[in-house]
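# Architecture and fold: a report
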Amino acid sequence: MMNSQQLHCFLYFVTLAHMEHFTKAAEELFLSTPTVTHHIKALEEELHTRLFFRNSKVVQLTEAGTVFYNDAKEIMIKMDLAQKNLQTLTQSNTSFLRIGCVSHAELERLPAVLSDIKAHFPTVLPRIFVHDYFTLKTLFENKQIDLMIVTHEMIQDMKNCFFTKITSMNSLALLPGDHPLAGSGPMTFDALAAFPLITLHPKVIPYQYGNRLQEKIRLYNQKHVHTMAESDSEAVLLAKSGYGIAILPEFSIPDAIPGLTSIPINEGESMEYGIAAWERTPLNRFFINSYKDRRQ
């Protein structure tokens, strides 16, 4: 497995390649020439390719070496930056609040809440994770996320996790303002299915257990050629472009989309929507209360 010292040797030697040997690189790195040679050779063996063409008169990067040099340089820059950021955090007593959500639309509702956090917890730096249902749930279960903005159904099988309900939400049909159904009242999924539909990939739907609407969507997906979006943003874009009616949970729809309107889907089910957390810390409680106030 390549390590940072190998990359340092490789990058430093490239900058000194005009000197035609490893000796100068070894001197600058305070290493022996055999050590530098060993690191370069180990890299070439691990990558299964020659990084340098060298003889008694010249040392040059091979084509593969040039490609690797650019990538290795970027890796080392990021490693150095990560170390500096860590030092800064340690010196400033900065801590993170890691927030997860499944929808990009939810990001639009966070600025005011994060402003409250900044005012009351100035040493806390928010980190936002937007992932699909399964990835986000795994991160949360592994305690890599402090808070999740989710439906209750998403975390109902997690022990020792507490859930604060913010509101109840339904699924909506999103369609252009000039669509024949625009302005209609609540409709059943069967009525909507007479038109081209845009559905979400199951991995980004945070409710999976016995939901009647999702069961109908699954059956529809099996029997029809239709558009399946990889994200809520893609579904909104396609609906706005006239490719069909997007079926989305209410929380994944931006508060205002020019040119689009929405229709409630009448399937008799709603979702408990709120925030899940592992601990009732003062910071977590503050975030939950601020979010709840902003949503009301």
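Details of the structure are given in the entry above.
Heads up: these notes are all about the structure in this document. Only a predicted model underlies this, so the values are computations on that prediction, with no experimental measurement involved.

Further remarks concern the pairing of strand E7 (residues 171-176). For a regular strand, side-chain orientation follows a simple rule: the groups alternate between the two sheet faces. E7 sits mainly inside the fold: 6 of its 6 residues count as buried. Inspection of the sheet shows E7 paired to strand E10 (residues 245-249) by 4 bridges, in the antiparallel sense. Its bridge partner being in E10, alanine 173 is matched across the sheet by isoleucine 247. In the sheet, E7 pairs with strand E11 (residues 260-264) via 5 bridges, with the strands oriented antiparallel. What sits directly across from leucine 174, in E11, is serine 262.

Another point: the packing of helix H5 (residues 111-120) against helix H11 (residues 282-295). If you want to describe how two helices pack, look at the angle between their axes and the distance between the axes. Contact geometry for H5 and H11: axes closest at 9 Å, N-to-C directions at 140°. Judged by the sense of rotation from one axis to the other, the crossing of H5 with H11 is right-handed. Along the contact surface, H5 presents Ala112, Val113, Leu114, Asp116, Ile117 and His120, while H11 presents Leu283, Phe286, Phe287, Ser290, Tyr291 and Arg294. Taken together, the residues of the contact of H5 with H11 sort by class into 8 nonpolar, 2 polar and 2 charged.

Met148, Ile155, Phe287 and Tyr291 are the most contacted members of the largest nonpolar core, which has 36 residues in total. Taken together, the elements giving at least two residues each to this core come down to strand E3 (95-101), H5, helix H6 (133-141), strand E5 (147-151), helix H7 (152-155), strand E6 (162-169), strand E12 (271-277) and H11. The biggest single contributor to this core is E12, with 5 residues. Contact partners of methionine 148, with chain neighbours within four places excluded, come to Gly100, Leu136, Phe140, Met154, Ile155, Met158, Gly274, Ile275 and Ala276. Core analysis: the next-biggest nonpolar cluster, separate from the first, contains 16 residues, Leu200, Ala239, Ala246 and Ile253 among them.

The final tally for this structure, using the stated rule, is 5 aromatic pairs. Judged by centre distance (5.4 Å) and plane angle (70°), the rings of phenylalanine 121 and phenylalanine 286 are edge-to-face. On the criterion of sequence distance, the pair formed by phenylalanine 121 in the loop between H5 and strand E4 (124-130) and phenylalanine 286 in helix H11 is long-range, its members being 165 residues apart. Residues phenylalanine 251 and tyrosine 273 carry aromatic rings whose centres are separated by 5.0 Å and whose planes lie at 15° to one another, so their mutual orientation is stacked. In this pair, phenylalanine 251 is assigned in the loop between E10 and E11 and tyrosine 273 in strand E12, connecting sequence segments 22 residues apart. Taking relative accessible area as the criterion, tyrosine 273 reaches 0% and is therefore assigned buried. Between arginine 127 and the ring centre of phenylalanine 96, over which it is positioned, the NZ or CZ distance is 5.6 Å. The positively charged end of lysine 143 is found above the aromatic ring belonging to tryptophan 278, 4.6 Å away from the centroid.

What follows is about the sheet that holds E4. Overall, mixed pairing links the 5 strands, which are arranged E4-E3-E5-E12-E6 in an open sheet. The open sheet is flanked by E4 and E6, the only strands paired with a single partner. Neighbouring strand axes in the sheet, compared pairwise and without regard to direction, differ in orientation by 20° on average. Direction of pairing for E3 relative to E4: parallel, over a ladder of 7 bridges. Looking across to E4, one finds that arginine 98 is bridged to arginine 127. In the packing of H6 onto the sheet, the strands contacted are E3, E4, E5 and E12, and the crossing angle to E5 comes to about 135°.

Analysis parameters
Numbers given to residues run from 1 along each chain, matching the order in which its sequence is written. A pLDDT threshold of at least 70 governs which residues receive local features in this predicted model, and a stricter bar of 80 or more applies before side-chain atom pairs are shown or counted, although totals over entire chains, interfaces and linings include all residues. Heavy atoms from the whole structure form the basis of all side-chain values; hydrogens and water molecules are not counted. Type-normalised accessible area, obtained with a 1.4 Å probe on protein chains alone, sets the label of each residue: buried when under 20%, exposed when over 50%, and partly exposed for intermediate values. Helix and strand assignments follow DSSP, with helices taken as H or I runs no shorter than four residues and strands as E runs no shorter than two, numbered in order from the N terminus. Strand pairing is assigned whenever DSSP detects at least two bridges linking the two strands. Note on definitions: angles span 0 to 180 degrees between N-to-C directions of axes, and those axes are lines fitted to C-alpha atoms, for helices only across the stretch in contact. What makes a crossing left-handed is the near helix being turned counterclockwise from the far one by less than a right angle; a clockwise turn instead makes it right-handed. By definition in these notes, contact holds between two residues if any of their heavy atoms fall within 4.5 Å. Gly is put with the polar residues, along with every residue not named as nonpolar or charged; the nonpolar set is Ala, Val, Leu, Ile, Met, Phe, Trp, Tyr, Cys and Pro, and the charged set is Asp, Glu, Lys and Arg. As used in this record, nonpolar core signifies buried Ala, Val, Leu, Ile, Met, Phe, Trp, Tyr and Cys residues forming a set joined through side-chain atoms within 4.5 Å. Pairing of aromatic side chains requires ring centres within 6.5 Å, counting the rings of Phe and Tyr and the six-membered ring of Trp. Pairs whose planes differ by under 30 degrees are stacked, by over 60 edge-to-face, and all others tilted. Here, a charge over a ring means that NZ of Lys or CZ of Arg falls within 6 Å of the ring centre while also lying within 35 degrees of the ring normal.

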